[in-house]
Amino acid sequence: MKFMLQVLVVAAFCATAQAQVPYEHIANPDRYPGEWLTYSRDYAGHRFSPLNEITAGNVGQLKVKWVYQFPDPGNEVSPIVVDNIMFVTGPNSATAIDTATGRPLWSWKRPIPSDYHSLGFGQVNRGAAVLDDKLYIATLDCYLVALDLKSGIQRWASEVGDYKVGYSMTLAPLAIDGKVVVGVSGGEAGIRGLVDAYDAKTGKRAWRFWTIPARDDPAYQTWAGGSAKTGGGPTWVTGVYDPQLKLIYWGVGNPSPDWNGEVRLGDNLYTCSFVALDSETGKLRWHFQFTPHDTHDWDASQVPVLFDARIKGQDRKLIATANRNGFYYVLDRVTGEFLAAQSYAKQTWAKGIDAKGRPIVAENSEPTEKGTLVWPNANGASVWYSPSFSPQTNLFYVAVRNTSAVFYKRDPEYKAGTMYLGGGEDESPQDSSWGEIKALDPTTGDLRWEFKLNTPPWSGVLSTAGDLVFSGSNEGNFYALDARTGKPLWDFQTGGPIGANPISFAVAGRQRIAIASDRVLYVFGL
Amino acid sequence: MPAGYFYSEQDVADIAAYVHSLGSIPPEKLPGDPGRGAIVYSKSGCAGCHIIDGKGVGFGPELTEVGKRRSASYLQKTLASPVSTLPDDFVFVKAVSNSGQSLEGIRVNEDTFSIQIKDDFGKFHSLRKTELKELQKRKDLSPMPSFTELLTTEQMQDLVAYLASLRGPQ
């Protein structure tokens with residue numbers, strides 16, 4: 001017994017002593033294939049694992065290795081894995097878990113203020129960030145909190161926004177070289193959106209980018225009548241980073257109020273856009289607006305995907321997204337130049353995209369008093385869950401939502417800390433909606449294969465070097481497809497709706513796949 | 001209607017209580033006789049698909065409290081044209097396996113990879129979609145016939161009165 005205790009102590013010491021994650025590790029994830037060190041595993045937003053033990057030939061033998069039960073329902077976390085320890089988060093909480101057994105090692109919880117209300121979203125958390133000796137968590141009451149990686153003890157907490165006027169956070173922070181970057185929720189509450197960077201050691205704010213422009217910014221003119229002051233522009237999904245260009249790419253959400261555009265005439269920059277920000281200063285390098293003057297709540301809040309490819313004989317650094325508005329876009333990520341777009345889901349609001357990337361809006365697609373039927377619905381053709389890019393198959397994978405809604409316009413009234421919507425939507429019946437996993441040519445958006453789902457999904461996609469694609473369904477199926485053909489190879493009924501992003505990591509050299517399903521985290525292996 | 005993320009737990013409980021109160025139909029004065037209606041129910045084979053107080057086969061909706069949930073006019077309409085009052089999520093399914101076996105019934109659940117069906121004996125079947133060569137889903141078909149031609153006007157009134165009188169376990 002004494003010997004066993006000594007072994008455990010030594011093992012624990014080794015695990016904690018190694019629990020340091022320098023920036024160089026995160027920036028070079030392929031040197032650490034068994035770990036998952038940032039939200040999308042790499043800064044490019046690929047959600048691709050180089051692990052290849054699990055293949056089309058053996059995926060049918062996947063078994064549950066362990067499960068972890070969360071204290072709260074509806075979990076959307078994408079775990080972080082460092083040195084055989086998995087870090088999961090919930091609303092204002094975090095837990096470290098032994099990856100061999102699923103046993104918790106420490107837990108941290110921050111009380112949710114009694115007067116806190118989620119305005120337009122569920123009380124969830126989508127994951128943590130890690131850098132050096134700290135774990136970073138964004139909280140519902142809008143604090144960025146740094147925990148000691150070894151003990152879960154709080155090291156600092158910095159207020160990002162005032163939850164009493166509608167600011168909140170559900171996203172995983174993005175840790176880069178010396179800084180931790182976050183965005184905020186609040187697009188249904190008329191906040192002024194922002195992207196913030198904080199010093200990773202001290203928690204002191206390094207810079208702030210306002211997604212709703214100040215008066216001296218020419219973009220302010222895209223808001224008629226001073227409507228920018230309640231303009232929204234939330235930044236509620238984790239962005240990506242190009243370490244060579246030192247640019248952060250972040251999606252910006254809807255203008256407020258959501259469905260009544262008459263009170264905010266103009267393009268409403270920088271809502272429904274990607275912004276490229278200098279990682280040192282937060283200064284805007286370029287922006288691209290997917291849905292000018294949005295009136296359907298089509299946030300550009302998807303994880304951007306970075307890759308390099310040759311287009312028309314020229315090597316380009318690219319950024320791509322399957323946007324919530326139903327179109328897939330490819331841009332030059334150095335300049336923001338529009339290169340290509342095409343529809344990847346059923347949509348009725350635009351006749352197409354013009355040569356500059358601006359939508360050609362169809363008639364009768366605006367919300368009205370009587371209601372207007374439009375595809376897709378407010379949750380869009382894709383939403384916060386992650387796409388995936390496999391450098392091995394050179395395909396862009398996305399979970400697609402084909403569903404419509406009747407959009408209504410109402411008179412909006414702004415009152416700080418309450419919903420500021422200007423209308424609403426009636427979603428179409430379940431049986432007239434469907435979902436798909438689609439594999440697209442990343443440079444054009446051309447369809448390579450599709451796999452139909454029973455209902456529009458809420459789960460992200462993971463691709464692996466075993467040439468597999470993993471994802472989940474609302475009805476609890478967690479499944480694997482052939483990454484080159486879309487053929488279904490394996491599925492498992494988890495017993496709860498899946499609204500989370502899968503990851504892959506290794507335990508003692510053996511590949512594992514993890515997914516949160518409602519109250520349970522499943523870990524599979526051969 | 002926008003999603004109600006902003007409601008407190010107390011708000012949700014209050015709204016649920018209010019909506020629940022709306023679902024209770026007050027007793028109506030009807031022309032038919034519930035006693036005779038019970039005989040019509042029995043002789044017309046209704047218990048072959050419905051359950052009242054634990055008696056019958058569970059293919060169709062349970063009717064023990066149907067009088068609290070449905071008005072007489074709704075019941076009359078359903079008996080005359082069952083298709084006209086099908087719930088939004090109702091689907092009548094015909095499945096044919098790869099080996100040629102055929103099965104008809106009501107969909108009770110479905111996901112991307114499987115479908116669960118209840119047949120006319122009330123028996124549940126779970127089928128893998130990859131093992132089916134045909135899967136027809138009909139939202140415009142009810143296994144219940146129209147009783148307009150099968151019953152007299154008086155019998156129909158009696159049957160409606162009987163169903164409307166079902167307000168909980170006897």
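Secondary structure assignment for chain A yields two helices and 38 strands. By the compact-globule yardstick of 24 Å for 526 residues, chain A fits well, its C-alpha radius of gyration being 22 Å. Within chain A, buried positions represent 57% of all 526 residues.

Bringing the overall build of chain B into the picture now. Helix and strand counts for chain B come out as five helices and seven strands. If you list the helices and strands of chain B from N to C, you get α-α-β-β-α-α-β-β-β-β-β-α. With respect to the principal axes defined by its C-alpha atoms, chain B has extents near 55 × 50 × 25 Å. Within the span of chain B, comprising 170 residues, buried residues form 21% of the whole. A separation threshold of at least 6 residues defines the contact pool for chain B, and within that pool the share at least 24 residues apart is 62%.

Residue and element names in this part refer to chain A. Taken in spatial order, the four strands line up as S2-S38-S37-S36 in an open sheet, and their pairing is antiparallel. Lying at the two open borders of the sheet, with one neighbouring strand each, are strand S2 (63-69) and strand S36 (503-507). The sheet shows a mean angle of 30 degrees between the axes of neighbouring strands, direction not considered. As defined by bridge partners, S36 adjoins strand S37 (residues 510-517) across five bridges and the pair is classed as antiparallel. In the strand pairing of S37, Phe505 is matched with Arg512.

As a further point, take helix H4 (residues 72-80) of chain B. Of all the residues in H4 of chain B, the buried ones are Ala72, Leu75, Gln76, Thr78 and Leu79 of chain B. Here the buried residues of H4 of chain B occupy an arc of 165 degrees about the axis, which is enough to place them on one side.

A few words on the domain arrangement of chain B. A common way to state how big an interface is: give the accessible area lost once the parts meet. All names here are of chain B. Domains assigned within chain B are domain 1 (25-84 + 144-164) and domain 2 (92-138). The C-alpha centroid of domain 2 is placed 28 Å from the C-alpha centroid of domain 1. Counting residues at the interface gives four residues for domain 1, matched by five residues for domain 2. Tallied by class, residues from the side of domain 1 that touches domain 2 come to three nonpolar, one polar and no charged.

Residues and elements named next belong to chain A. Relative to strand S38 (residues 520-525), S2 is paired through six bridges, and the arrangement is antiparallel. By the bridge assignment, Lys63 is partnered in S38 with Gly525. Strand direction decides the pairing type here: S37 and S38, joined by six bridges, are antiparallel. Bridging across to S38, Ala516 finds its partner in Leu521. The loop that links S37 with its antiparallel partner S38 comprises two residues; one of these, Asp518, has a positive phi angle of about 55 degrees.

Here we take up the sheet that holds strand S29 (residues 423-427) of chain A. All names here are of chain A. Strand order in the open sheet made by the three strands is S25-S28-S29, with antiparallel pairing throughout. The sheet is open, and its two edges are formed by strand S25 (372-374) and S29, each paired on a single side. On average, each strand axis in the sheet is inclined to that of its neighbour by 30 degrees, with strand direction left out of account. Where strand S28 (residues 405-409) meets S29, five bridges bridge the pair, whose relative direction is antiparallel. Bridge assignment links Lys409 to a residue of S29, and that residue is Gly423.

Right, let's talk about the packing of helix H2 (residues 34-43) of chain B against helix H5 (residues 153-164) of chain B for a bit. All names here are of chain B. It is the contact of H2 with H5, at a shortest axis distance of 7 Å, that shows an interaxial angle of 100 degrees. Judged on the interaxial angle alone, H5 and H2 are roughly perpendicular. Contacts from Pro34, Arg36, Gly37, Ala38, Val40 and Tyr41 in H2 reach Gln155, Asp158, Leu159, Ala161 and Tyr162 in H5. Taken together, the residues that form the contact of H2 with H5 break down as seven nonpolar, two polar and two charged.

Let us now look at the nonpolar core. Residues Phe87, Ala128, Val130, Ala175 and Val180 of chain A are the most contacted members of the largest nonpolar core, which totals 149 residues. Residues within four places of Val180 of chain A in sequence aside, it is in contact with Ala129, Leu131, Tyr136, Leu144, Pro173, Ala175, Ala197, Tyr198 and Ala200 of chain A. Grouped together as the second largest cluster of nonpolar side chains are 17 residues, Ile52, Leu79, Met156 and Leu159 of chain B included.

Time to look at H5 of chain B. Residue and element names in this part refer to chain B. Here H5 spans 16 Å end to end across 12 residues, near enough to the 16 Å set by a 1.5 Å rise per residue. Within H5, nine of the 12 residues are buried, which leaves it mostly tucked inside the rest of the structure. For H5, the set of buried residues is Met156, Gln157, Asp158, Leu159, Val160, Ala161, Tyr162, Leu163 and Ala164. At its buried positions, H5 is contacted by H2, helix H3 (66-69) and H4.

Thresholds, definitions, all that
- Residues numbered from 1 in each chain as written.
- Chains lettered and ligands numbered in written order.
- Predicted model: local features only at pLDDT ≥ 70, side-chain atom pairs only at ≥ 80, totals over all residues.
- Helix = DSSP H or I, 4+ residues; strand = E, 2+ residues; numbered from the N terminus.
- Rg over C-alpha atoms; globule rule 2.2 N^0.38 Å.
- Buried ≥ 20, exposed ≤ 12 C-beta atoms within 10 Å, placed from the backbone.
- Contact = placed C-beta atoms within 7 Å.
- Pairing = 2+ DSSP bridges.
- Axes fitted to C-alpha atoms, helices over the stretch in contact; angles between N-to-C directions.
- Arc of directions from axis to C-beta.
- Domains from an automatic or database assignment.
- Nonpolar A, V, L, I, M, F, W, Y, C, P; charged D, E, K, R; others polar.
- Parallel < 35°, antiparallel > 145°, perpendicular 65-115°, else oblique.
- Core = buried A, V, L, I, M, F, W, Y, C linked by C-beta atoms within 7 Å.
- Expected span 1.5 Å × (residues − 1).

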